[in-house]
Amino acid sequence: MGKNLITGGFGLIGRSLAKLLLSESKEVVLFDVASESRLPKDIRDRVNITHGDLTNWVQVIDAVKNNDISCIYHLGSLLPPTTEQNPAAAFAVNITGTFNILEAARLLGVDSVIYASSLSTFGFDLPQVIPNDFPQRPPNMYGVTKVCSERLGEYYYSRFGINFRGVRFPVIMGPGRVLGVGWTAFTSLLIEETALGRPYTIYVDKSTSAGFLYLKDAAQSLIDLNRADDERLTRRVYNLYGFPATAQDLVDSVKNHIPEAQIDFKPDQAMLRIIETQYAVISKRLDDTPAREDWGWSPHYLLDQAVEDFIKEVRTNKAIDE
Ligand SMILES: NC(=O)c1ccc[n+]([C@@H]2O[C@H](COP(=O)([O-])OP(=O)(O)OC[C@H]3O[C@@H](n4cnc5c(N)ncnc54)[C@H](O)[C@@H]3O)[C@@H](O)[C@H]2O)c1
């Protein structure tokens, strides 16, 4: 059994996945272009770190060759708004990067490639519940790069037998989202800031709604999909879903745990227009029936459990840092 490589391993989901794999005594290699200062010490001391850029073929193949990798969790990606501000970089990192990972897996006989795709692969005229195999016509560059990566993975599966598997995440809620990245970041920052005793202003309407998955469930899903029996898989990429919540639901849940939390609403009209036109998908439910049937997927955290665990994590980590 070789090691687990996590691309984008310093990111939100990568760090959580690394923790889970380490708790199962797995060997973990993190591949990332960012500074490792974002890694908590309890992870940094227990993983191998390979600095590299997904767009650089030599760095990618070396990372896989030099570390005896048997599974690649491919999470490295640019996300909105960076993808929309710089489509060329989005193409290079998200599409060429995925191609490089699949090629490295093919040439070096890696057992499996597990990919994190997104609800943003779906576009307009969506039903309220989006079936797993609904046509994907994304309205933005981010979604285009994620659809392209899904199709590349399927091609490598059917042409070369690469064991490519992927999930489409809804909005991930969890501690450690980078400040200001993506409009949905407020959903996590609101909990993180109030757990630390700071006030928070929400820049969408109380009724703005989204579908969520708690960070720990997202990380666990990747491990579960990797372990799933191949004979039971009816497709290579699966919708996942946790729970729906409006901005007001989030506030109510936070106030159940932190009654003194200071949260107010100051809706930003430009932001609301972007959400309506570009991200209508966010309020839809991803039908995750195939994932439930094929590999027993189900989320452990719904809104209140997620908020409770989130607050506990933030306060515990703050206490450790002090
Ligand atoms: N967070 C969400 O709500 C969400 C929802 C759906 C899908 N996803 C997908 O899950 C994956 C992980 O997302 P996340 O929330 O952890 O994002 P993140 O931004 O926290 O992490 C992404 C990581 O990729 C790294 N990266 C960027 N460019 C790179 C490059 N050229 N070479 C190597 N590494 C590079 C970044 O440094 C970062 O550490 C992504 O593929 C994302 O598209 C996330």
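If you're wondering where the values come from, they're calculated on a predicted model, not measured in any experiment.

Caption draft 1: Quick peek at the domain arrangement of the protein. You can read the domains of the protein as domain 1 (3-170 + 215-239) and domain 2 (172-212 + 242-284 + 301-321). On a C-alpha basis, the centroid separation for the pair domain 1 and domain 2 is 25 Å. On the side of domain 2, 22 residues touch domain 1, which itself brings 22 residues to the contact. Taking both partners together, domain 1 and domain 2 bury about 1900 Å²; carbon and sulfur atoms supply 57% of that area. Joining domain 1 to domain 2, the criterion identifies 2 salt bridges. In this structure, the salt-bridge partner of Lys216 is Glu313, at a minimum N-O distance of 2.8 Å. Inspection of the region where domain 1 meets domain 2 yields 8 residue pairs in polar contact (both at pLDDT 80 or more).

Caption draft 2: Local environment of the site of the ligand. In the vicinity of the ligand lie 28 residues, with Leu12, Asp32, Asp53, Tyr142 and Lys146 positioned nearest. Between Ile13 and the ligand, the recorded distance is 2.9 Å, taken from a backbone N or O atom to an oxygen atom. Between the ligand and the protein, one listed contact pairs an oxygen atom with a side-chain N or O atom of Tyr142 at 2.5 Å. When the ligand sits alone it has 830 Å² of accessible area, and the protein chains cover 91% of it. Listed by contribution, the elements that provide at least two residues to the shell around the ligand are helix H1 (12-23), strand S5 (112-118), helix H6 (141-160) and strand S8 (171-173). If you tally residues by element for the shell around the ligand, the top one is S5, at 3 residues. Split into classes, the residues belonging to the shell around the ligand amount to 16 nonpolar, 7 polar and 5 charged.

Caption draft 3: Highlighting unusual backbone geometry. Put simply, Pro80 and Pro81 share a cis peptide bond, and its omega is 5 degrees. Along the chain, the position of Pro81 falls in the loop between strand S4 (69-74) and helix H4 (82-85). In this structure, Ser25 takes a positive phi of about 60 degrees despite not being glycine. Among the structural elements, Ser25 can be located in the loop between H1 and strand S2 (28-32). Since its relative accessible area comes to 68%, Ser25 is described here as exposed. Even without a glycine there, the phi angle at Asp68 is positive, about 50 degrees. Examined against the element boundaries, Asp68 turns out to sit in the loop between helix H3 (57-65) and S4.

Caption draft 4: Fine view of empty space enclosed by the protein. By the definition in use, this model includes 1 cavity of 30 Å³ or more. Put simply, the largest cavity is a space of about 50 Å³. Those elements that provide at least two residues to the lining of the largest cavity are helix H7 (185-195), strand S10 (209-214), strand S12 (243-246) and helix H9 (247-257). By residue number, the principal contributor to the lining of the largest cavity is S10, which donates 3 residues. Among the residues making up the lining of the largest cavity, the classes are represented as 8 nonpolar, 4 polar and no charged.

Caption draft 5: How the structure looks around helix H8 (residues 215-227). In a regular helix each residue adds 1.5 Å, so 13 residues correspond to 18 Å; H8 covers 19 Å between its end C-alpha atoms and thus fits that length. The set of residues buried in H8 consists of Leu215, Asp217, Ala218, Ala219, Ser221, Leu222, Ile223 and Leu225.

Caption draft 6: Spotlight on the pairing of strand S1 (residues 3-7). When you tally the buried positions in S1, you get 5 out of 5 residues, the bulk of the element. Going residue by residue along S1, you find Lys3, Leu5 and Thr7 tucked away on one face and Asn4 and Ile6 tucked away on the opposite face as well. In terms of strand pairing, S1 meets S4 through 5 bridges, oriented parallel. Directly across from Lys3, in S4, lies its bridge partner Ile69. Summarising the sheet, S1 and S2 pair through 4 bridges and their orientation is parallel. Within the sheet, the bridge partner assigned to Thr7 lies in S2 and is Phe31. Following the chain from S1 across H1 to the adjacent parallel S2, one finds a crossover that is right-handed.

Caption draft 7: Structural view of the nonpolar core. Within the largest apolar cluster, 42 residues are counted, with the highest numbers of intra-cluster contacts made by Met173, Leu190, Ile191, Ile202, Val204 and Phe212. Listed by contribution, the elements that provide at least two residues to this core are S8, H7, strand S9 (200-202), S10, S12, H9, helix H10 (269-278) and helix H12 (303-321). Counting contributing residues, this core receives three or more from each of domain 1 (3-170 + 215-239) and domain 2 (172-212 + 242-284 + 301-321). Those residues within four positions of Ile191 in sequence are excluded, and the remaining contacts are Met173, Val254, Val307, Phe310 and Ile311. Ile43, Tyr73, Ile172 and Leu215 belong to the second largest nonpolar core, which has 36 residues in total.

The rules behind each value
- Residues numbered from 1 in each chain as written.
- Predicted model: local features only at pLDDT ≥ 70, side-chain atom pairs only at ≥ 80, totals over all residues.
- Heavy atoms only, no water.
- Domains from an automatic or database assignment.
- Contact = heavy atoms within 4.5 Å.
- Buried area = accessible area lost by both parts, 1.4 Å probe.
- Salt bridge = Lys/Arg side-chain N within 4 Å of Asp/Glu carboxyl O.
- Polar contact = N/O pair within 3.5 Å; in protein donor to acceptor, adjacent residues only side chain to side chain.
- Near = heavy atom within 4 Å.
- Areas by Shrake-Rupley, 256 points an atom, 1.4 Å probe, with all protein chains shown as cover.
- Helix = DSSP H or I, 4+ residues; strand = E, 2+ residues; numbered from the N terminus.
- Nonpolar A, V, L, I, M, F, W, Y, C, P; charged D, E, K, R; others polar.
- Buried < 20%, exposed > 50% of the residue type's maximum accessible area, 1.4 Å probe, protein only.
- 1 Å grid on protein atoms, 1.4 Å probe; cavity = no way out; pocket = protein on both sides within 12 Å on 5 of 7 lines; lining within 4 Å.
- Points joined across faces, edges and corners; volume = space filled by probe spheres on them.
- Expected span 1.5 Å × (residues − 1).
- Pairing = 2+ DSSP bridges.
- Right-handed = clockwise from strand over helix to strand, strands pointing away.
- Core = buried A, V, L, I, M, F, W, Y, C linked by side-chain atoms within 4.5 Å.

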